[in-house]
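The residues making up each chain are set out below.
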Amino acid sequence: MVVMAMFAVMPANAQGIAFGVKGGVNFTKMSIDNDAVNSESGVGFFIGPTLKIDFLPFLGIQGSVMYEQANSKVDGEKIKRQSIIVPIDLRVNLKLNEDAGIYLATGPQVGFNVGESDFSWNDTSTYKNTFQMKKSMFNWNFGAGAMLSKHFEVGVVYSLGISKTGELEAEIDKAKANNNELKPKSRTWQISATYFF
């Protein structure tokens, strides 16, 4: 729907339109506002269709609709988040020739959980921890990459979690005393390759 909407609002003087497939790997870590709970990064992947519209030779927009699996660890337990993510980025293109160059990108990303919502585990067989995934998430992306040819690009994105990823109830003495500060947010690095038809 996002891709179709981009077509609908596209100006008649757009310089170029390219449709393709984007995929890659991600490295995700939960940022938790309490040092009583340990978090570690994990490796996942993402893939889906993408649409790029250049309004001017140096300025454009790119939107994607992708399935993403993001893995991380909270207090030793693996949290697997399965989402449909929709990033929409404003792009500044710095072309070296007609087909190659580099680009900078930034923009919002919304995500919708399509996997498990609840994760529970015991810590040292004494305390029980529960993580409940939010149904939707909001991130802001910062990216850069290289246009290697008319059809192929590679890039890297840092996706900063703005909204909470979920709710963590950690029944640990140190955390329990300050439980209202346990606000997990995801921070993700993405390495991608895109092929345009």
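Residues numbered from 1 in each chain as written. Predicted model: local features only at pLDDT ≥ 70, side-chain atom pairs only at ≥ 80, totals over all residues. Heavy atoms only, no water.

Taken as a whole, this structure holds 3 salt bridges when the rule is applied. We note a salt bridge from Glu-153 to Arg-91, for which the minimum N-O separation is 3.0 Å. Taken together, the positions of Glu-153 in strand S10 (residues 152-161) and Arg-91 in strand S5 (residues 77-95) put the pair 62 residues apart, joining distant regions of the chain. Arg-91 shares its class with Glu-153; the two are buried. (Salt bridge = Lys/Arg side-chain N within 4 Å of Asp/Glu carboxyl O. Helix = DSSP H or I, 4+ residues; strand = E, 2+ residues; numbered from the N terminus. Buried < 20%, exposed > 50% of the residue type's maximum accessible area, 1.4 Å probe, protein only.)

Moving on to the layout of surface pockets. Taken as a whole, the largest pocket holds about 390 Å³ of empty space. Listed by contribution, the elements that provide at least two residues to the lining of the largest pocket are strand S1 (16-31), strand S2 (39-56) and S5. Its residues assigned to classes, the lining of the largest pocket comprises 7 nonpolar, 5 polar and 7 charged. (1 Å grid on protein atoms, 1.4 Å probe; cavity = no way out; pocket = protein on both sides within 12 Å on 5 of 7 lines; lining within 4 Å. Points joined across faces, edges and corners; volume = space filled by probe spheres on them. Nonpolar A, V, L, I, M, F, W, Y, C, P; charged D, E, K, R; others polar.)

This part is about the pairing of strand S9 (residues 136-147). Burial along S9 is one-sided: Met-137, Asn-139, Asn-141, Gly-143, Gly-145 and Met-147 are buried, while Ser-136, Phe-138, Trp-140, Phe-142, Ala-144 and Ala-146, pointing the other way, are not. Strand direction decides the pairing type here: strand S6 (residues 101-113) and S9, joined by 12 bridges, are antiparallel. By the bridge assignment, Thr-106 is partnered in S9 with Phe-142. Hairpin remark: S9 followed by S10, antiparallel, with 4 residues in the connecting loop. (Pairing = 2+ DSSP bridges.)

Once that is clear, we can look at the packing of aromatic side chains. Each aromatic ring pair is characterised by the separation of its centres together with the angle its planes make. Taken as a whole and assessed by the stated rule, the structure comprises 4 aromatic pairs. With 4.9 Å between their ring centres and 45° between their planes, Tyr-158 and Trp-189 make a pair best called tilted. One end of the pair, Tyr-158, is in strand S10; the other, Trp-189, is in strand S12 (residues 185-196), and 31 residues separate them in sequence. In this structure Tyr-158 comes out as partly exposed when scored by relative accessible area, which is 23%. Pairwise contacts between aromatic rings join Phe-19, Tyr-195 and Phe-197 into one cluster. When the ring centre of Phe-196 is taken as reference, the NZ or CZ atom of Lys-52 above it lies at 4.5 Å. When the ring centre of Tyr-103 is taken as origin, the NZ or CZ atom of Arg-91, which lies over that ring, is 3.9 Å away. (Phe/Tyr/Trp six-rings, centres within 6.5 Å; stacked < 30°, edge-to-face > 60°. Lys NZ or Arg CZ within 6 Å of the ring centre and 35° of its normal.)

Looking now at the confidence of the model for the protein. Confidence in the prediction of the protein, expressed as mean pLDDT, is 82, and 75% of residues score 70 or more. Across the protein, the element-wise mean pLDDT spans from 49 in helix H2 (residues 173-176) up to 96 in strand S3 (residues 59-64). (pLDDT = per-residue confidence, 0-100.)

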